[in-house]
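Given next are the chains, with one letter for each unit.
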Amino acid sequence: IRGLFAGGDSSDYAKATTGSPLSSCAVTGYWAGEGAAQFAKTARHEDPDKNQINELEKQIKSPLEQEKGNTFDSLYKEIIDVTDEDVGIFMHGDRLKKGISKIRHINNEKVPSLTASDPHSLAKVNGLKNMIEVLEVMMRADLYRKESRAGFVREDFPEMDNVNWLKWINIKREGTSLYITDEPIPIDKYPLKPKPEKTLHPIFKGWEGIDEIGRASCRERV
């Protein structure tokens, strides 16, 4: 998007590097600020669409007009239950499908009746709306990627698959629908290239051994 500059975790550069998150955010944020300043010097000013602004303002403030409805606290608990029960640390396709269904139900049936009593609760409610939309996108991407890699672990796909899944996942929203595609990572551009092979994720390699060590420790304590 022309004129949009990103730093920190929102930037591609930060995601491709390791090190201190704080220093990475500071450096990329500085670079983004420099780029935005240079762009602003030559950018053509355009008057905002007043009708669009009015519509956005109406949407943002709509929970204040709801006398009765779902509160932030009640809906937030439902969402956290989904992330705990259906996503978790070790994911599985069947659970992810159930979780996506629950999140879509919450978004379609309960979000429209969210209520806010003051500006503080209004900010929380609008943040919750964004959280639900982002969570669905993340869960759909989790379901789409059929492998395990680094901190991403699928019980039903325990291998790190460099044959089929050296890919970026792209998700685009059109209206109320999400469309998912993937594209190969341009490995030839990188000096260090992963081997085109499938290997069992380390956490599954060590699972049996860790389990046995834990049981032995319990027996000793007993």
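Per chain, the residues get numbers from 1 upward, laid out in the order the sequence is written. Reporting of local features is limited, given that this is a predicted model, to residues whose pLDDT is at least 70; pairs of side-chain atoms are given and counted only at 80 or more, and all residues count toward the totals for whole chains, interfaces and linings. Values shown for side chains rest on all heavy atoms present in the structure; no hydrogens or waters enter the calculation.

Asker: Sorry, what's going on with unusual backbone geometry here?
Answerer: The general pattern is negative phi for most residues beyond glycine and trans for most peptide bonds. With phi around 50°, Ala150 is a residue other than glycine that occupies positive phi space. For each residue, the accessible area found with a 1.4 Å probe, counting protein chains only, is set against the maximum for its type, and the residue is called buried under 20%, exposed over 50%, and partly exposed in between. Exposure remark for Ala150: the relative accessible area of 60% places this residue in the exposed category.

Asker: What am I meant to see in the pattern of salt bridges here?
Answerer: Should a side-chain nitrogen of Lys or Arg be within 4 Å of a carboxyl oxygen of Asp or Glu, the pair is scored as a salt bridge. With the rule as written, the count across this model stands at 14 salt bridges. A salt bridge links Lys61 to Glu57, with the nearest nitrogen and oxygen atoms 2.8 Å apart. In this pair, Lys61 and Glu57 are both assigned in helix α3 (residues 50–65), four residues apart and thus about one turn of the helix distant. Glu78 is the salt-bridge partner of Lys110, the closest N and O atoms lying 2.8 Å from each other. Of this pair, Lys110 sits in helix α5 (residues 93–110) while Glu78 is found in helix α4 (residues 72–87), placing the two residues 32 residues apart along the sequence. Its relative accessible area of 23% is what places Lys110 among the partly exposed residues. Three or more residues joined by partner-sharing salt bridges are found here, namely Glu85, Asp86 and Lys102. Each helix is a run of H or I in the DSSP string that is no shorter than four residues. Each strand is a run of E no shorter than two, and both are numbered from the N terminus.

Asker: Would you mind showing me how to read the pairing of strand β4 (residues 167–174) here?
Answerer: The side chains of a regular strand alternate between both faces of the sheet. For two strands to be treated as a pair, DSSP must find at least two bridges joining them. Sheet topology note: the β4/strand β5 (residues 177–184) ladder contains eight bridges and is antiparallel. When the sheet's bridge partners are listed, Ile171 is paired in β5 with Ile180.

Asker: Quick question: what am I supposed to make of helix α2 (residues 21–42) here?
Answerer: In an α-helix, one turn spans 3.6 residues, which is why side chains three or four residues apart end up on the same side. Taking 1.5 Å per residue as the helical rise, α2 with its 22 residues ought to reach 32 Å, and the 32 Å between its terminal C-alpha atoms agrees with that figure. Every buried residue belonging to α2 is among Ser24, Thr28 and Ala32, and all of these are buried. Taken around the axis of α2, the buried residues stretch over an arc of 45°, which confines them to a single face. Along α2, the residues that are exposed and aim more than 90 degrees away from the buried face are Leu22, Tyr30, Ala40 and Lys41. For a helix, the expected span equals 1.5 Å multiplied by the number of residues minus one. Note that the arc is computed from the directions linking the helix axis to the C-beta atoms.

Asker: Looking at this model, I keep getting lost on helix α6 (residues 119–144). Mind explaining?
Answerer: In this model, α6 (26 residues) spans 38 Å end to end at C-alpha, consistent with the 38 Å of a helix rising 1.5 Å per residue. Taken together, the buried positions of α6 are Ser121, Leu122, Val125, Asn126, Leu128, Ile132, Leu135, Glu136, Met139, Ala141, Asp142 and Leu143. Two or three places before His120, at the start of α6, stands the capping residue Asp118, its side-chain oxygen 3.0 Å from that residue's backbone nitrogen. Whenever two N or O atoms come within 3.5 Å, that pair is a polar contact, provided that in protein one can donate a hydrogen and the other can accept it, and provided that, for residues adjacent in sequence, both atoms are side-chain atoms.

Asker: Help me out: how do you make sense of the packing of α4 against α6 in this one?
Answerer: The packing of two helices is summarised by the inter-axis angle and the distance between the axes. Geometry is summarised by axes, namely lines fitted to C-alpha atoms with helices restricted to the contacting stretch, and by angles between N-to-C directions that run from 0 to 180 degrees. It is at 10 Å that the axes of α4 and α6 come closest, and there the two elements cross at 20°. On the basis of their axis angle, the class for α4 and α6 is roughly parallel. Along this stretch, α4 crosses α6, giving a crossing that reads as left-handed. Residues Phe72, Asp73, Leu75, Tyr76, Ile79, Ile80, Val82, Thr83 and Val87 of α4 pack against Lys124, Val125, Leu128, Met131, Ile132, Leu135 and Met139 of α6. Under the grouping applied here, Gly and all other residues not named as nonpolar or charged are polar, the nonpolar ones being Ala, Val, Leu, Ile, Met, Phe, Trp, Tyr, Cys and Pro and the charged ones Asp, Glu, Lys and Arg. Here the contact of α4 with α6 is built from residues that sort into 13 nonpolar, one polar and two charged. An angle below 35 degrees is treated as roughly parallel, one above 145 as roughly antiparallel, one from 65 to 115 as roughly perpendicular, and anything else as oblique. We call a crossing left-handed when the near helix sits turned anticlockwise from the far one by less than a right angle, and right-handed when that turn is clockwise. Throughout, a residue-residue contact means that at least one pair of heavy atoms, one from each residue, lies within 4.5 Å.

Asker: I keep staring at a nonpolar patch on the surface and nothing clicks. Help me out?
Answerer: Note on patches: the residues involved have over 30% relative accessible area and no salt bridge, like charges join within 9 Å, and the nonpolar side chains Val, Leu, Ile, Met, Phe, Trp and Tyr join within 5 Å. Surface accessibility in these figures is a Shrake-Rupley result with a 1.4 Å probe; residues are shielded only by whichever protein chains are displayed. Residues Val27, Tyr30 and Trp31 make up a contiguous nonpolar surface patch of roughly 340 Å² in combined accessible area. For Tyr30, the position within the fold is in helix α2. Given a relative accessible area of 55%, Tyr30 falls into the exposed group.

Asker: Just checking my understanding: could you explain the packing of aromatic side chains for this structure?
Answerer: Only Phe, Tyr and Trp rings take part, Trp by its six-membered ring, and two of them pair if their centres are within 6.5 Å. Stacked means planes under 30 degrees apart, edge-to-face means over 60, and tilted covers everything else. Scanning the model with the defined rule gives three aromatic pairs in all. Ring centres of Tyr144 and Trp165 lie 5.7 Å apart, and the angle between their planes is 90°; on these two criteria the pair is classed as edge-to-face. Of this pair, Tyr144 sits in helix α6 while Trp165 sits in the loop between β3 (159–161) and β4, placing them 21 residues apart in sequence. A relative accessible area of 11% places Trp165 in the buried class. The rule is short: NZ of Lys or CZ of Arg within 6 Å of the ring centre and within 35 degrees of the ring normal puts a charge over the ring. The ring of Tyr144 is capped by Lys146, whose NZ or CZ atom sits 5.9 Å from the centre of that ring. We note Lys167 situated over the ring of Trp165; from NZ or CZ to the ring centre the distance is 5.3 Å.

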